[in-house]
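Secondary and tertiary structure notes
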Amino acid sequence: MAEKKTATKKVATEKAAPEKKATKTTAKAAVKATEAKAEKAPAKKATAKKAEKVLYINAESVGFRAGDVYQALAAAGKSLTVAEIAKAANISAEEVLLGIGWLFKEGKIVGENVADLRLA
């Protein structure tokens, strides 16, 4: 009787082994498919990032933008518009407005409207 049990176990082991190989092959195929998708995905994300710029608003970044605005106005020596400041400082118009707000709060710039900003 002991012989029958041993034979039964060998058969069960031999049947299980091919299933494991198939599972590994399927897993490898799934990994390859995921890697192929991952290679294509960054190209799509890169174009989305170019279309939309994220603006981080915290005290440090706004302070840096204020410095950029101040330097642009100081270099020009005259009143500048938001678009002119953005071009001179190489930052976006939104970042210019953040910097202007910071400088207004500190009393560093004056102007009746956005088209007439100058150092105080």
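Here the residue numbering is sequential within each chain, running from 1 through the sequence in written order. Totals for whole chains, interfaces and linings use every residue, but because this is a predicted model, local features are given only for residues with pLDDT of at least 70 and side-chain atom pairs only at 80 or more, for both listing and counting. No hydrogens and no water enter the side-chain calculation; it runs on all heavy atoms of the structure.

Regarding the pattern of salt bridges
By definition, a salt bridge exists where a carboxyl oxygen of Asp or Glu is found within 4 Å of a side-chain nitrogen of Lys or Arg. Enumeration over the complete set of coordinates arrives at one salt bridge. Note that Arg 65 and Asp 68 form a salt bridge whose closest N and O atoms lie 2.7 Å from each other. With Arg 65 and Asp 68 both in helix α2 (residues 59–76) and three residues apart, the pair spans about one turn of that helix. The class for Asp 68 is partly exposed, based on a relative accessible area of 25%. Elements are defined by DSSP. Helices are runs of H or I of four residues or more, strands are runs of E of two residues or more, and each kind is numbered from the N terminus. Relative accessibility under 20% of the residue-type maximum defines a buried residue, over 50% an exposed one, and the middle range a partly exposed one, all with a 1.4 Å probe and only protein chains included.

Here we look at the nonpolar core
By nonpolar core is meant a set of buried Ala, Val, Leu, Ile, Met, Phe, Trp, Tyr and Cys residues that side-chain atoms within 4.5 Å join together. Grouped together as the largest cluster of nonpolar side chains are 15 residues, with contacts concentrated most on Val 69, Leu 73, Ile 85, Val 96 and Ile 100. Of all the elements in the fold, those that place two or more residues in this core are α2, α3 (82–89) and α4 (93–106). Whether two residues are in contact is decided by their heavy atoms: any pair within 4.5 Å suffices. Excluding residues within four positions of it along the chain, Ile 100 makes contact with Val 69, Val 82, Ile 109 and Leu 117.

Details of the confidence of the model for the protein
Mean pLDDT over the protein: 74, with 57% of residues reaching 70 or higher. Looking across the protein, the model is least confident in helix α1 (residues 2–51), with a mean pLDDT of 54, and most confident in α3, with 93. Per residue, pLDDT measures the predictor's confidence, with a range of 0 to 100.

Some thoughts on the packing of α3 against α4
For every element, the axis is a line fit to its C-alpha atoms; helices are fit only across the contacting stretch, and the angle between N-to-C directions ranges from 0 to 180 degrees. The contact between α3 and α4 brings their axes to 9 Å, and the two run at 105 degrees. Put simply, α3 runs roughly perpendicular to α4. For the pair α3 and α4, contact is made by Val 82, Ile 85 and Ala 86 and by Ala 93, Val 96, Leu 97 and Ile 100, respectively. Classification used: nonpolar for Ala, Val, Leu, Ile, Met, Phe, Trp, Tyr, Cys and Pro, charged for Asp, Glu, Lys and Arg, polar for all others including Gly. Grouping the constituent residues of the contact of α3 with α4 by class yields seven nonpolar, no polar and no charged. In this scheme, roughly parallel covers angles under 35 degrees and roughly antiparallel covers those over 145, while 65 to 115 is roughly perpendicular and the rest are oblique.

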